[in-house]
Amino acid sequence: MGSALAALGLVLCLMAPAQDARAQDSLPQLYAEAQRAQSAGDLAAATQKYEAIVKLRPEMAEAFANLGNLYYQQGKNDKARDAYERALRLKPGLAGPHFFLGVIAFGAHDYAAALKHLRQADSLQPSNAQIVAHLGYTEYALSHYPEAVAEFEKTQALDASN
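Residues numbered from 1 in each chain as written. Predicted model: local features only at pLDDT ≥ 70, side-chain atom pairs only at ≥ 80, totals over all residues. Heavy atoms only, no water.

**Student:** Before we go on, may I ask you to explain the overall build of the protein in this structure?
**Tutor:** Counting its secondary structure elements, the protein contains 8 helices and 0 strands. Helices and strands in the protein line up, N terminus first, as α-α-α-α-α-α-α-α. Scored against the burial criterion, the 162 residues of the protein give a buried share of 32%. The long-range share in the protein, meaning contacts at least 24 apart out of those at least 6 apart in sequence, stands at 40%. For the protein, the exposed area adds up to about 9300 Å²; of that, 57% sits on carbon and sulfur atoms. (Helix = DSSP H or I, 4+ residues; strand = E, 2+ residues; numbered from the N terminus. Buried < 20%, exposed > 50% of the residue type's maximum accessible area, 1.4 Å probe, protein only. Contact = heavy atoms within 4.5 Å. Areas by Shrake-Rupley, 256 points an atom, 1.4 Å probe, with all protein chains shown as cover.)

**Student:** Help me out: how do you make sense of the packing of aromatic side chains in this one?
**Tutor:** By the definition in use, this model includes 7 aromatic pairs. Seen in terms of ring centroids, Tyr-31 and Tyr-50 are 6.2 Å apart; in terms of plane orientation they differ by 90°. Their pairing is edge-to-face. In this pair, Tyr-31 sits in helix α1 (residues 2–39) while Tyr-50 sits in helix α2 (residues 43–56), placing the two residues 19 residues apart along the sequence. For Tyr-31, a relative accessible area of 40% puts it in the partly exposed group. Its relative accessible area of 1% is what places Tyr-50 among the buried residues. Ring plane angle 50° and centroid distance 5.5 Å describe the contact between Tyr-137 and Phe-152, whose orientation is recorded as tilted. Linking Tyr-137 in helix α7 (residues 129–141) with Phe-152 in helix α8 (residues 145–158), this pair joins segments that are 15 residues apart in sequence. By relative accessible area, which is 39% here, Tyr-137 ends up partly exposed. (Phe/Tyr/Trp six-rings, centres within 6.5 Å; stacked < 30°, edge-to-face > 60°.)

**Student:** Whenever I open this one, the nonpolar core confuses me. Can you help?
**Tutor:** The nonpolar side chains of a soluble globular protein tend to be buried, and buried together. One finds Tyr-50 and Ile-53 to be the most contacted residues of the largest nonpolar core, which totals 24 residues. Taken together, the elements giving at least two residues each to this core come down to α1, α2, α3 (61–73), α4 (77–90) and α5 (95–107). With 7 residues, the single largest contributor to this core is α3. In contact with Ile-53, other than residues within four places in its own chain, are Leu-27, Leu-30, Tyr-31, Met-60 and Ala-63. Ala-105, Leu-115, Ala-121 and Ile-131 belong to the second largest nonpolar core, which has 9 residues in total. (Core = buried A, V, L, I, M, F, W, Y, C linked by side-chain atoms within 4.5 Å.)

**Student:** Mind showing me how you'd approach a nonpolar patch on the surface here?
**Tutor:** A cluster of nonpolar side chains, namely Tyr-137, Tyr-140, Tyr-145 and Phe-152, defines an oily patch on the protein surface of about 420 Å² accessible area. Where the nonpolar patch is concerned, the elements lending two or more residues are α7 and α8. Relative to the assigned elements, Tyr-140 resides in helix α7. On the basis of relative accessible area, Tyr-140 is assigned to the exposed category, the value being 51%. (Patch = residues over 30% accessible without salt bridge, like charges linked within 9 Å, V, L, I, M, F, W, Y side chains within 5 Å. Salt bridge = Lys/Arg side-chain N within 4 Å of Asp/Glu carboxyl O.)

**Student:** How should I be thinking about α2 in this particular structure?
**Tutor:** With 14 residues, α2 extends 20 Å from end C-alpha to end C-alpha; this agrees with the ideal 20 Å at 1.5 Å per step. Within the span of α2, buried status applies to Ala-45, Ala-46, Thr-47, Tyr-50, Ile-53 and Val-54. (Expected span 1.5 Å × (residues − 1).)

**Student:** What is the right way to look at the pattern of salt bridges in this model?
**Tutor:** Pairing between side chains becomes possible if they bear opposite charge and their charged atoms approach one another. Under the defined criterion, the tally for this structure stands at 6 salt bridges. Across the pair Glu-33 and Lys-49 runs a salt bridge whose closest N-O atoms are separated by 2.9 Å. Placement of the pair is Glu-33 in helix α1 and Lys-49 in helix α2, with a sequence separation of 16 residues. The class of Lys-49 is partly exposed, set by a relative accessible area of 26%. Linking Arg-119 and Glu-139 is a salt bridge whose minimum nitrogen-to-oxygen distance equals 3.2 Å. Of the two residues, Arg-119 is situated in helix α6 (residues 111–124) and Glu-139 in helix α7; the sequence distance between them amounts to 20 residues. Residue Glu-139 is classed as buried on the basis of its relative accessible area, which comes to 3%.

Scope: geometric values only; no functional claims are made or implied.
Below, the structure written as structure tokens:
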């Protein structure tokens, strides 16, 4: 009995690399399917694909960021927040998750958290007018009027149509 279990364990161990290789081979296909679904506006299908991607590659920060974007677009802010925070634990230098965490915090009237994340996003992408505009809104919400005006002026300089 013991040798049969050991043999089964050896077979399972030998099969694991083959399963991992098949899973890695499916990653580009899953990514392409997720992109197609997202482009077609099928956010639920795109979400399912990204959920599969992060299961295959839990170290892939950008996949968590994309998953967060999909949750955010569907109004699933708690799930979006979790995905963005996971992305930032893996790769703290991503501006997008900081931006969206700031927007989510702003919507929840947690202006201090919003300001923290938006400032971080701005430090990573200082020429992004959308980030700067949201900084202005947050400063205004905190009654930091001179800072809000400065951010709005910076937004105008970056994007005259804004």
